[in-house]
Amino acid sequence: MNTAGHSEAMARRGLELTPFRGLRYDPDRVGSLAAVTSPPYDVVVRPDGVVHLQSADPHNIVRLILPQATTPNARNEQAADTLHHWLAEGVLAADPEPGFYVYEQRGDDGMLQRGIIGTLRLSDPSEGVVLPHEDVMPHVIADRAALMRATNANLEPLLLTYRGNGSAADTTAVVDRTAAQEPLLSTTTEDGYSHRLWSITDAADVAAIQTDLSRHQALIADGHHRWATYRRLRAEHPSPSPWDYGLVLLVDTARYPLRVRAIHRLLHGLPVADALAPLEGLFRIRRLAVPLAEALETLADAACAGNAFLLAGDGAFHLVDHPDPGLLARTIPADRPAAWRTLDATVLHATLLDHIWHVPEDDPTRIAYIHDTAATVRKAERDGGTAVLMHPVREEVVRDLARQGITMPRKSTSFGPKPASGLVLRALGI
């Protein structure tokens with residue numbers, strides 16, 4: 001087969017979304033739907049967030065997505081046993097017929113996001129159907145794959161974006177029409193976000209969505225490791241199989257633009273003074289004796305002029321910017337586009353982590369990736385480490401690099417709002 005022709009054909013086919021029988025909590029068997037939800041597994045601040053969520057309800061989804069035991073095998077067995085018991089007890093039950101699910105998130109700040117949840121046929125990056133924009137860490141993929149094998153389930157949807165055309169016949173038109181009806185569930189989580197879910201089982205609506213999405217490609221907004229895990233598990237199972245598909249939430253950003261935030265770094269065992277010392281003469285360093293919000297505003301201003309970072313953990317904030325051009329020339333690969341070479345995440349990983357601090361980016365004993373800014377600072381101050389606070393990259397930069405097939409350094413962006421975990425799951429045996 002002609003590889004180029006095959007790839008072009010796949011790209012023309014676009015997204016192939018299929019209905020599934022969602023697995024959902026029975027509201028009569030749990031304290032509240034809000035109490036059993038969780039942020040995605042990689043957003044939960046550990047161990048504090050895990051303890052908080054486990055305490056919220058004995059059936060909180062965190063017991064499946066982040067099981068707690070002494071060894072990886074024991075954790076995965078625990079998650080599988082927990083899922084089995086919840087199914088047997090009717091805590092979780094499959095909907096009677098396959099469908100798509102409309103999912104809405106609404107914030108008290110006026111934010112509104114709607115998308116559609118289904119199972120998406122997996123594809124390789126070369127096919128141009130689903131575009132990744134970040135590198136991934138092998139140990140995380142191995143961990144997620146072991147959990148999915150043990151549970152035989154997709155426990156939380158990835159967040160993918162696409163650009164609709166705004167016509168009356170596109171997917172978002174069906175989504176918005178469905179959202180005018182009574183939802184299957186409605187709940188408000190402790191972060192103030194309200195969540196509503198509807199099912200779409202009408203054959204005409206399902207067909208209209210499938211036809212529309214077949215003309216689109218998607219960008220992975222959140223879930224690069226889970227998408228890579230899906231692809232690994234697909235390779236382990238002869239096709240056709242349920243592993244040919246993975247659970248996703250698709251959001252039309254022409255109608256519902258996402259917010260892009262930064263993911264911060266926590267460097268274990270590296271005090272702020274030791275992190276700053278080797279930067280003298282290579283970066284401009286300014287100590288900011290101001291609150292976090294004001295320090296982030298200063299970081300945003302500095303990031304407009306070039307690479308900039310905030311270091312914290314000693315009770316103050318230290319703005320690190322104006323890197324020496326010669327240092328960047330020596331440490332950043334020259335075989336990538338300028339948009340990649342000038343990313344803050346590129347400078348952080350290639351120059352600071354690799355060249356100056358010698359911190360391996362995939363060693364969880366040396367570095368953690370945390371979405372919550374204040375939590376990153378608190379943990380650095382408590383543990384004597386260094387928080388490296390980042391300024392978010394613009395969405396158009398992310399999408400442009402992805403279309404060129406160029407991946408950003410891992411954990412470069414945090415698109416949101418992210419879907420709450422626990423509202424709808426997928427069991428592959430159902």
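Sequence order as written defines residue numbering, which begins from 1 separately in each chain. For this predicted model, a pLDDT threshold of at least 70 governs which residues receive local features, and a threshold of 80 or more governs which side-chain atom pairs are given and counted, while totals over whole chains, interfaces and linings are taken from all residues. The side-chain numbers reported here are obtained from all heavy atoms of the structure, hydrogens and water having been left aside.

## Let's talk about unusual backbone geometry
Stated formally: Helix and strand labels come from DSSP, where a helix needs a run of H or I of at least four residues and a strand needs a run of E of at least two; each type is numbered from the N terminus.
Ser239 connects to Pro240 through a cis peptide bond whose omega is 0°. Residue Pro417 is reached from Gly416 by a cis peptide bond, and omega for that bond is 5°. Here Pro417 lies in the loop between β20 (414-416) and β21 (426-427). We note that Lys411 has phi near 55°; this positive angle belongs to a residue other than glycine.

## Some thoughts on the environment of Asp170
In plain terms, the rule: Classification of residues uses two cut-offs on accessible area relative to the type maximum, computed with a 1.4 Å probe and protein chains only: under 20% is buried, over 50% is exposed, and between them is partly exposed. It only takes one pair of heavy atoms within 4.5 Å for two residues to be counted as in contact. Polar contacts here mean pairs of N or O atoms no more than 3.5 Å apart (in protein, one a potential hydrogen donor and the other a potential acceptor; neighbouring residues in sequence count only if both atoms are side-chain atoms).
Within the element layout of this structure, Asp170 appears in the loop between β8 (158-162) and α7 (171-178). Its relative accessible area of 3% is what places Asp170 among the buried residues. Separated by 41 residues in sequence, Asp170 and Thr211 place their C-alpha atoms 8.8 Å apart. Discounting chain neighbours no more than four positions away, the residues touching Asp170 are Gly164, Asn165, Asp212 and Asp252. Within polar-contact distance, the side chain of Asp170 engages the backbone nitrogen of Thr172 at 3.3 Å. A distance of 3.0 Å separates the side chain of Asp170 from the backbone nitrogen of Ala173, its partner in a polar contact.

## Thoughts on the layout of surface pockets
Take a probe with the size of a water molecule and roll it over the atoms, and the empty space left behind shows itself. Rules: In this analysis the probe radius is 1.4 Å and the grid spacing 1 Å, with only protein atoms considered; a cavity is a set of points the probe fits into but cannot get out of, a pocket is an open set with protein on both sides within 12 Å along at least five of seven lines, and lining residues have an atom within 4 Å of a point. Grid points are joined across faces, edges and corners, and a volume is the space filled by probe spheres set on the points. Polar here means any residue other than Ala, Val, Leu, Ile, Met, Phe, Trp, Tyr, Cys and Pro, which are nonpolar, and Asp, Glu, Lys and Arg, which are charged; Gly is therefore polar.
Space inside the largest pocket adds up to approximately 1300 Å³. Around the largest pocket, the lining is made up of 46 residues, and of these Pro39, Val43, Asp191, His371 and Asp372 lie nearest the centre. For the lining of the largest pocket, the secondary structure elements donating two or more residues are α2 (33-36), α3 (48-56), β13 (259-261), α11 (292-305), α15 (373-383) and β20. With six residues, the top contributor of residues to the lining of the largest pocket is α15. For the lining of the largest pocket, the residue count by class is 21 nonpolar, 15 polar and ten charged. In this model, the second largest pocket occupies a volume close to 940 Å³.

## Re the side chain of Thr413
The topology assignment puts Thr413 in the loop between α16 (395-403) and β20. Among the polar contacts listed, one links the side chain of Thr413 to the side chain of His133, at a separation of 2.8 Å. Among residues more than four places away in sequence, those in contact with Thr413 are His133, Glu134, Val260, Arg261, Ile263, Val393, Val398 and Met408.

## Looking at the environment of Gly164
When you line up the elements, Gly164 lands in the loop between β8 and α7. For Gly164, a relative accessible area of 17% translates into the label buried. Those residues in contact with Gly164 that lie beyond four places of it in its chain are Asp170, His216, Asp252 and Ala254.

## A short note on the nonpolar core
Just so we agree on the cut-off: What is meant by a nonpolar core is a set of buried Ala, Val, Leu, Ile, Met, Phe, Trp, Tyr and Cys residues, joined one to another through side-chain atoms within 4.5 Å.
Core analysis: the largest hydrophobic core is formed by 114 residues, its most contacted members being Tyr25, Ile117, Leu250, Leu279, Leu311 and Trp357. If you tally residues by element for this core, the top one is helix α14 (residues 344-357), at eight residues. Not counting residues within four places of it along the chain, the set of residues in contact with Trp357 comprises Leu267, Leu270, Ala275, Pro278, Leu279, Leu311, Leu348, Leu352, Arg366 and Val388.

## Considerations on the packing of aromatic side chains
Where we set the bar: Two rings from Phe, Tyr or Trp (for Trp, the six-membered ring) form a pair when their centres sit within 6.5 Å of each other. Planes less than 30 degrees apart are called stacked, planes more than 60 degrees apart edge-to-face, and all others tilted. A ring is scored as having a charge over it whenever the NZ atom of a lysine or the CZ atom of an arginine sits within 6 Å of its centre and within 35 degrees of its normal.
Under the counting rule described, the total for this entry stands at three aromatic pairs. An angle of 50° between the planes, with centres 6.1 Å apart, marks the rings of Tyr25 and Trp86 as tilted. Of the two residues, Tyr25 sits in strand β2 (residues 23-25) while Trp86 sits in helix α5 (residues 72-89), which places them 61 residues apart along the sequence. We note that Tyr25, like Trp86, is buried. Ring geometry for Trp227 versus Tyr230: centroids 6.4 Å apart, planes at 65°, classification edge-to-face. With a gap of three residues between them, Trp227 and Tyr230 both fall in helix α9 (residues 224-236), about one helical turn apart. Here the basic side chain of Arg336 rests over the ring of Trp340, its NZ or CZ set 4.4 Å away from the ring centre.

## So, the environment of Gln105
Considering the arrangement of structural elements, one finds Gln105 in strand β4 (residues 100-106). Taking the C-alpha atoms as reference points, Gln105 and Lys418, separated by 313 residues in sequence, lie 9.0 Å from one another. Discounting chain neighbours no more than four positions away, the residues touching Gln105 are Met111, Leu112, Gln113, Ser194, His195, Pro417, Lys418, Pro419 and Ala420. A polar contact of 3.5 Å, which involves the side chain of Gln105, links it to the side chain of Tyr103. A distance of 2.7 Å separates a polar side-chain atom of Gln105 from the backbone oxygen of Lys418.

## Looking at the confidence of the model for the protein chain
Residues shown with low pLDDT carry predicted positions that ought not to be read at fine detail. The cut-off we apply is this: Across the chain, each position has a pLDDT score giving the predictor's confidence in that residue, from 0 to 100.
For the protein chain, the average pLDDT comes to 92, and 97% of its residues sit at 70 or higher. Residue range residues 1-11 is modelled with pLDDT below 50. Its contacts to residues more than four positions away, or to other chains, number seven contacts.

## Here's the deal with the pattern of salt bridges
Rules: Salt bridge, as used here: a side-chain nitrogen of Lys or Arg that lies within 4 Å of a carboxyl oxygen of Asp or Glu.
Going through the model one piece at a time under the given rule, you end up with 22 salt bridges. For Glu104, the salt bridge is made with Arg106, and the minimal N-O distance between the two is 3.7 Å. Its relative accessible area of 1% is what places Glu104 among the buried residues. Residues Arg215 and Asp212 are paired through a salt bridge, measuring 3.5 Å at the closest nitrogen-oxygen approach. When its relative accessible area of 56% is taken as the criterion, Arg215 is described as exposed. Residues joined by salt bridges that share partners form a network here, namely Glu104, Arg106, Arg114, Asp176, Arg196 and Arg255.

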